[in-house]
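# Observations on the model geometry
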Amino acid sequence: MINSELLILIISTFLIVFSIRYVIRIWQLPPGPWGLPLIGYLPWIGRKPCVTFLGLKKKYGNLITVNLGGITMLVLNDWNAIKATLIDRKHHFSGRPNAYISDTITGRKDMALSDGPVCLQQRKIMVNCMRKIGLGKKSMEDSIMEPIHELIDILSNYNNKNMEMTTIFLKPTQQILWKLVSGHKLKDEDLEKFSNELDYFMKTCRPHHPVNMMPILRYIPPNGFGYKVVVNFSKSVRNYLQPIIQQHLIERNKSTDRDFIDLYLDQIEEMSKTSASCPPYDVEHLMGSLWDIFIAGTETSNTLSRWTFLYMAIFPQVQQKIQTEIDLIVGENRIPTLDDMPQLRYLQATIMEICRHSSLVPLSLPHRTIAPVEVCGFKIPAKMTVIPNIYSVNYDTNLWKNPHEFDPKRFLDKDNNIKCPPHFIPFSVGSRMCIGESVAEMEIRLILGCLLQKFNFSLPKGQPEPTLEAVVGVVYKPLPYSLHITKRFVN
């Protein structure tokens, strides 16, 4: 009897202490909505979490605590909150949370979805390799232009016809990256296969996916909320990459053309000669890096291109103004080049406004605190998941005049020079900012400049007018649409 009473006392004391500590911890966090046991606020998160979070700002402020599927998260709900964390305290907020789906796929051996010393060194390796192969530099221009010329030939066959635009930009964006990364092009049959699976993957692999919140749901028939499809896609990509890496391992010393894989393998070999304190690197880390490029690089560039030409058709006056600028600066006898871009200011401003208005990646990728930190008077514990709401910045009336209007002139000053405010963060900000930003910018400038020089893009007659509504995922995509293509000049 005494033992039973003692056991009850111990359990009661433990529960009381645990409850007090939990209440104190929650009390020190920013305010936020209450949810249900286990699932938290998930039933009210809605189709567009970025919009839901922005709506909560009115009641709870710019730092919000929300529980999703039993995981307590901190939402950064405006520019001040993002600056105070991802910039002013960037080291404390540089981690990545564990997410069951992505961890299963990459084993946290990639750069984008992992953290810690290995990730930091891997980021340096990737940046170094990308610089050496010319990514983001003018030396990359020829590699970009070859697929663009192929794209021009395809569009020429649709003169005075309607064209479905969902996949038209996928091949050139993937070929641009893969020629530089692996030294060869993707085969058409592989491209078609990956494009269909990649689309489903990006819809499924969002941070607030039910399987990330409650991994046991992966066993629910028929496919575990899409989990099985994602895993099969991962296997397909790995099966495609492994022989390419193996071929580079055999032939890289014989080749004079150096690509990303060659240079990364060189780094692995070099680092294996250093002290034992150096983080371990192997082919699996290269596989993780290639996975990042395959997913993030191609998906972002492809989707941005799709948004860009949808905006051109919906806002024909903007399209015409860009064409007038191209005609004045470049003419019709040669194609636009990177050297022309500093003078094609309205074109650049339009791309910036498309990035803002479409909110391509509205919630960015989630961060995680790597140590306790105090922000804006709140004590944030270590290992807390942090969600930057980029959408809230893009539509903040305190930062932008009439943010719901599409107006490229907001990025031009009175002298018609480009102005880029610090709160323009389409590729996030801080230590986890996307390393492929310069590549994406270079691609879309050349694609938009070259295609608008040659063609007019308009809404098809007799068809429902497309909208700017998005397909929700990690990257927000436009709904499928078609455009009417006409040549501007007759050969």
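These notes cover the structure that comes with them. This structure is a prediction, so every number in the text was calculated from the model and none was measured.

About the thresholds
Residues numbered from 1 in each chain as written. Predicted model: local features only at pLDDT ≥ 70, side-chain atom pairs only at ≥ 80, totals over all residues. Heavy atoms only, no water. Helix = DSSP H or I, 4+ residues; strand = E, 2+ residues; numbered from the N terminus. Buried < 20%, exposed > 50% of the residue type's maximum accessible area, 1.4 Å probe, protein only. Polar contact = N/O pair within 3.5 Å; in protein donor to acceptor, adjacent residues only side chain to side chain. Phe/Tyr/Trp six-rings, centres within 6.5 Å; stacked < 30°, edge-to-face > 60°. Pairing = 2+ DSSP bridges. Axes fitted to C-alpha atoms, helices over the stretch in contact; angles between N-to-C directions. Contact = heavy atoms within 4.5 Å. Salt bridge = Lys/Arg side-chain N within 4 Å of Asp/Glu carboxyl O.

Of note, Asn212 is situated in helix 9 (residues 210–213). Of the residues examined, Asn212 reaches a relative accessible area of 8% and is grouped as buried. One polar contact links the side chain of Asn212 to the main-chain amide nitrogen of Tyr100, over a distance of 3.0 Å. There is a polar contact of 2.9 Å between the side chain of Asn212 and the backbone nitrogen of Ile101.

On to the packing of aromatic side chains. Scanning the model with the defined rule gives 14 aromatic pairs in all. Judged by centre distance (5.9 Å) and plane angle (45 degrees), the ring pair of Tyr100 and Tyr227 falls under tilted. Of the two residues, Tyr100 sits in helix 4 (residues 100–106) while Tyr227 sits in helix 10 (residues 227–251), which places them 127 residues apart along the sequence. Of the residues examined, Tyr227 reaches a relative accessible area of 12% and is grouped as buried. Judged by centre distance (5.1 Å) and plane angle (20 degrees), the rings of Phe169 and Phe309 are stacked. Here Phe169 is found in the loop between strand 3 (161–164) and helix 7 (170–182), whereas its partner Phe309 is found in helix 12 (residues 283–314), with 140 residues between them in sequence.

Right, let's get into the sheet that holds strand 8 (residues 455–458). Sheets are built from strands that pair by backbone hydrogen bonding, the pairs being arranged parallel or antiparallel. One open sheet holds the 3 strands; their spatial order is 3-11-8, and the pairing between them is antiparallel. On the outer flanks of this sheet lie strand 3 and strand 8, each paired with one strand and no other. On average, each strand axis in the sheet is inclined to that of its neighbour by 35 degrees, with strand direction left out of account. By the bridge criterion, 4 bridges tie strand 8 to strand 11 (residues 482–487) in an arrangement that is antiparallel. Residue pairing in the sheet places Phe457 in a bridge with Ile485 of strand 11. Each of strand 3, strand 8 and strand 11 touches helix 6 (residues 141–156); the most contacted strand, strand 8, lies at about 65 degrees to it.

A few words now on the pattern of salt bridges. Enumeration over the complete set of coordinates arrives at 16 salt bridges. We note a salt bridge from Lys57 to Asp78, for which the minimum N-O separation is 3.9 Å. Of this pair, Lys57 sits in helix 2 (residues 49–60) while Asp78 sits in the loop between strand 2 (71–76) and helix 3 (79–87), placing them 21 residues apart in sequence. Of the charged contacts in the structure, one is a salt bridge between Asp327 and Arg488, with a shortest N-O distance of 2.7 Å.

Remember, this is a structural readout, not a statement about activity or role.
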